[in-house]
Amino acid sequence: MVSFDGAGGLDYEEQRDSGTLGPDGFFRAESEGFSARRLEVVTPSLTAVSHASISAGAPPSLTGIVSNLFQPAGSPIGTRSSGFDAESETEMLWEAATRQGKRVAVLAWPGVSQRSERTRSPLGFPWTEAESPSALYVGPTSDVPLLDPDFALPLEARSFSPPKALRLPKNEKPGAPLLGEPPLLFVVVDGTDDGRRNYDQILAIDSRGGLRASARAGDWFPLTFVADEHAGARNVLFGRWCRLLSLSPDLSTISLYIGSLARNRAFPDDLRRTIDRRAGFWPGPPDQLLLDSNRFDTQSFADQATRLSEYLTEVFRAIDRRGDWDLLLAYQPMIDEGLHVFTLKDPRQPWFTPERSERARAAMREVWKAADRAAAAYLSFRSRGDVVFVSDHGMRAMTHSILLGEFLRRHGWLKTETGPKGEVRVAPGSLLDFAVSGGTGFITLNLAGRNPGGVVPADQAADLVRAVTNSLRALSHENGDPALQAVLPVAEAASLGLAHRNASDIVVIAAGSTALRAGFASRPGDPIIGPAEIPGQHGFGPDPALDGIFFHVGQGIGQERVPSFPATGVAARVAERLGISPPGARPKP
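Residues numbered from 1 in each chain as written. Predicted model: local features only at pLDDT ≥ 70, side-chain atom pairs only at ≥ 80, totals over all residues. Heavy atoms only, no water.

Here's the deal with the pattern of salt bridges
Tallied over the full model, the rule gives 45 salt bridges. In this structure, the salt-bridge partner of E13 is R37, at a minimum N-O distance of 2.6 Å. In this pair, E13 sits in helix α1 (residues 9–17) while R37 sits in strand β2 (residues 34–40), placing the two residues 24 residues apart along the sequence. A salt bridge links R561 to E30, with the shortest nitrogen-to-oxygen separation between them at 3.6 Å. Placement of R561 in strand β30 (residues 560–566) and of E30 in helix α2 (residues 26–32) is noted, with a sequence separation of 531 residues between them. A relative accessible area of 11% means that E30 is categorised as buried. A cluster of three or more residues bridged by salt bridges with shared partners is formed by E13, R16, D17, E30, R37 and R561. (Salt bridge = Lys/Arg side-chain N within 4 Å of Asp/Glu carboxyl O. Helix = DSSP H or I, 4+ residues; strand = E, 2+ residues; numbered from the N terminus. Buried < 20%, exposed > 50% of the residue type's maximum accessible area, 1.4 Å probe, protein only.)

Rendered as structure tokens:
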């Protein structure tokens, strides 16, 4: 079963009908098996929440995973739990399969973090964070001039004009351990013997004078090394992807992207070594550094999304070759990564221009093509077993965002303080706390007798909830449109599947093209409702446009396409095909 994060069911049909997709991927799955126009996802339509409900066959009111980030019930003000790491209060599909004698492999499936007994699998490849961040060199400048190298070029390199070295900014996380990455110097050279200074190439040279890589403008190139030991593993492959974005022949402008440093993590370690050998190092997700205000490099971003998709597909092939599993849960995030930055459809969006909108649509077509190629690769397994494609949500174009915490602070319900790093945070004596993800927020009363250090007396709780909900329901845009779709005391959130103590005391869902935003205003007079943070967002209430995809191909499954299928029905369907009881049920005799 593969999750294509962010792949909306209606968006898929638009891509299919426009000719973006080929015959061997999603279209083949639709033509050969059972599928639904929409996988009805739970509320809120967030990655951690949806995957938990798909895996458990249960809504958030039963899993307890109500958001990507939430305050666990009964915890002190300021406590946060990640929905990606939290353990579900119900059994998950991988647990049910393992309990009933099936061997499970997991390839970055959200929720299987490999950090606890319940979130671990015998064969595991968790989502990986970078060891050090990316950087972007743009120069030369008076502060960062070009230098004359004090060494000879490698024998295999030649320059017909004086070579020049780039002085790069330091690019390590503070306190990051020494990983053994060889120091490199980047040198620009003139490789054309035409009697003119015509710089056209960059070289990466190590401290011994060895040539590690060379690139012309537009070229991607990897930089790799093997660490003898890292975090208990031996002979660990590290790497970073770099790209020479631009190089003026006269050296007036040089743009060099240096990707984040990363490695694979997999269990057992022999699987990690196989992945190192067959797929290479962890390439990381697309980098928004390439889409800053001065650069809208859609091609580089799409290249990174495609590279990650192809890498994850190759990891699947490596695990498939082992053959020692019955259920594999895999993950492909490229559509979600793209839509967050490329959903430019509304002229009211801060980043919108007709030219940018067209470039964004073209980039998303490339991302969908990469996803479709991955789908075709997974479908090669259908002669040996079932293949299921799901997704967790679609995407909505954003125009505005609401500073929920600032709203509560200005009404006197939320108190803040300055933290040790200068950050503004909720103070321990505050009446309320809040957490937001996407379009949904949760407000928690700092209740005496329930929350450690609580200050709100129990006999005042109902009045406080009533005052906050009434004020929020009156919040509107300048044109009078409601800013919020729903403001509900948690007891009234049962119809949304959110009546759970982790949903705090008040559930807030934004309306239309408005998302919720963490943090606080910089100045007292700043508006509560401002521009959107990113072009695309999800995590709202029920909405067909935010529903996902569902395809199921396998022996004996006839071709059928239905209007919708519930996300909470996926686990039981997969369990039945495995010949086991679904999560939470007694094992079959």
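Quick word on unusual backbone geometry
The residue after T43, namely P44, is reached through a cis peptide bond having omega -5°. Residue position: P44 is located in the loop between β2 and α3 (47–56). With an omega of -5°, the peptide bond running from G139 to P140 counts as cis. Structurally, P140 can be placed in the loop between β7 (135–139) and β8 (164–166). Here Q114, not a glycine, exhibits a phi torsion of approximately 65°, which is positive. Here the phi dihedral of N235 falls at roughly 55°; this positive angle occurs in a residue that is not glycine. When you line up the elements, N235 lands in strand β13 (residues 233–247).

Some points on the sheet that holds strand β25 (residues 506–510)
What the four strands build is an open sheet, ordered β22-β23-β25-β24; its pairing is antiparallel. What marks the edges here is a single partner per strand, and that holds for β22 (432–437) and β24 (484–489). Along the sheet, successive strands turn relative to each other by an average axial angle of 15°, direction set aside. Bridging between β24 and β25 involves five bridges; their strand directions are antiparallel. Bridging across to β25, P489 finds its partner in I506. Helix α11 (residues 461–473) rests against β22, β23 (440–445), β24 and β25 of the sheet, and its axis sits at about 175° to β24. (Pairing = 2+ DSSP bridges. Axes fitted to C-alpha atoms, helices over the stretch in contact; angles between N-to-C directions. Contact = heavy atoms within 4.5 Å.)

Some remarks on the side chain of S161
Among the structural elements, S161 can be located in the loop between β7 and β8. A distance of 2.7 Å separates polar atoms of two side chains, one belonging to S161 and the other to D190. Those residues in contact with S161 that lie beyond four places of it in its chain are D190, R196, R197, N198 and Y199. (Polar contact = N/O pair within 3.5 Å; in protein donor to acceptor, adjacent residues only side chain to side chain.)

Considerations on the environment of A105
Within the secondary structure, A105 sits in strand β5 (residues 104–107). Residues A105 and S121, spaced 16 residues apart in sequence, show a C-alpha to C-alpha distance of 6.3 Å. Setting aside anything within four residues of it in sequence, one finds A105 in contact with L123, I319, W325, L327, L328 and L329.

Quick look at the packing of aromatic side chains
Applying the stated rule across the entire model yields 28 aromatic pairs. Arranged with centres 5.4 Å apart and planes meeting at 90°, the rings of F4 and F389 form a pair that is edge-to-face. Here F4 is found in strand β1 (residues 2–4), whereas its partner F389 is found in strand β17 (residues 387–390), with 385 residues between them in sequence. Exposure class is identical for F4 and F389. Each is buried. By the ring-pair criterion, three or more aromatic residues cluster together here, those being F4, Y12, F26, F316, W368, Y378, F389 and F551. The ring of W220 is capped by R307, whose NZ or CZ atom sits 4.4 Å from the centre of that ring. (Phe/Tyr/Trp six-rings, centres within 6.5 Å; stacked < 30°, edge-to-face > 60°. Lys NZ or Arg CZ within 6 Å of the ring centre and 35° of its normal.)

Thoughts on α1
All of the buried residues in α1 are G9, Y12, E13 and Q15. Summarising the axial view, the buried residues of α1 lie within an arc of 165°, below the 170-degree limit, and thus occupy one face. Within α1, the exposed residues directed more than 90 degrees away from the buried face are E14 and D17. Where the residues of α1 are buried, they touch α2, β2, α9 (354–379), β29 (548–553) and β30. G19, located one to two residues past α1, shows a positive phi value of around 85°. (Arc of directions from axis to C-beta.)

Thoughts on the sheet that holds β5
One open sheet accounts for eight strands, arranged β6-β5-β16-β1-β17-β29-β2-β30; its pairing is mixed. Looking at which strands have only one partner, the edges of the open sheet turn out to be β6 (123–125) and β30. Strand-to-strand, the axes of this sheet are offset by a mean angle of 15°, without reference to chain direction. Of the strand pairs in this sheet, β17 and β29 are connected by four bridges, and their pairing is antiparallel. Residue pairing in the sheet places V388 in a bridge with H552 of β29.

As for the confidence of the model for the protein chain
Predicted confidence across the protein chain gives a mean pLDDT of 94, with 97% of residues reaching 70 or more. When the criterion is pLDDT under 50, residues 171–178 qualifies, and its contacts beyond four places in sequence or with other chains add up to 15 contacts. (pLDDT = per-residue confidence, 0-100.)

So, the packing of helix α8 (residues 334–342) against α9
Remark: α8 packs on α9, axes separated minimally by 9 Å, with the N-to-C direction vectors making an angle of 175°. Taken as axis vectors, α8 and α9 run roughly antiparallel relative to one another. For the pair α8 and α9, contact is made by M334, I335, G338, L339 and F342 and by A360, A363, M364, V367, W368 and A371, respectively. (Parallel < 35°, antiparallel > 145°, perpendicular 65-115°, else oblique.)

Some words on the packing of helix α6 (residues 269–278) against helix α7 (residues 298–322)
One can describe the packing of α6 onto α7 by two numbers: an axis separation of 10 Å at closest approach and a directional angle of 130°. Taken together, the axes of α6 and α7 lie oblique to each other. The crossing of α6 and α7 is right-handed. From α6, D270, L271, T274, I275 and R278 reach across to α7, where they touch Y311, E314, V315, A318, I319, R321 and R322. (Left-handed = near helix turned anticlockwise from the far one by under 90°.)

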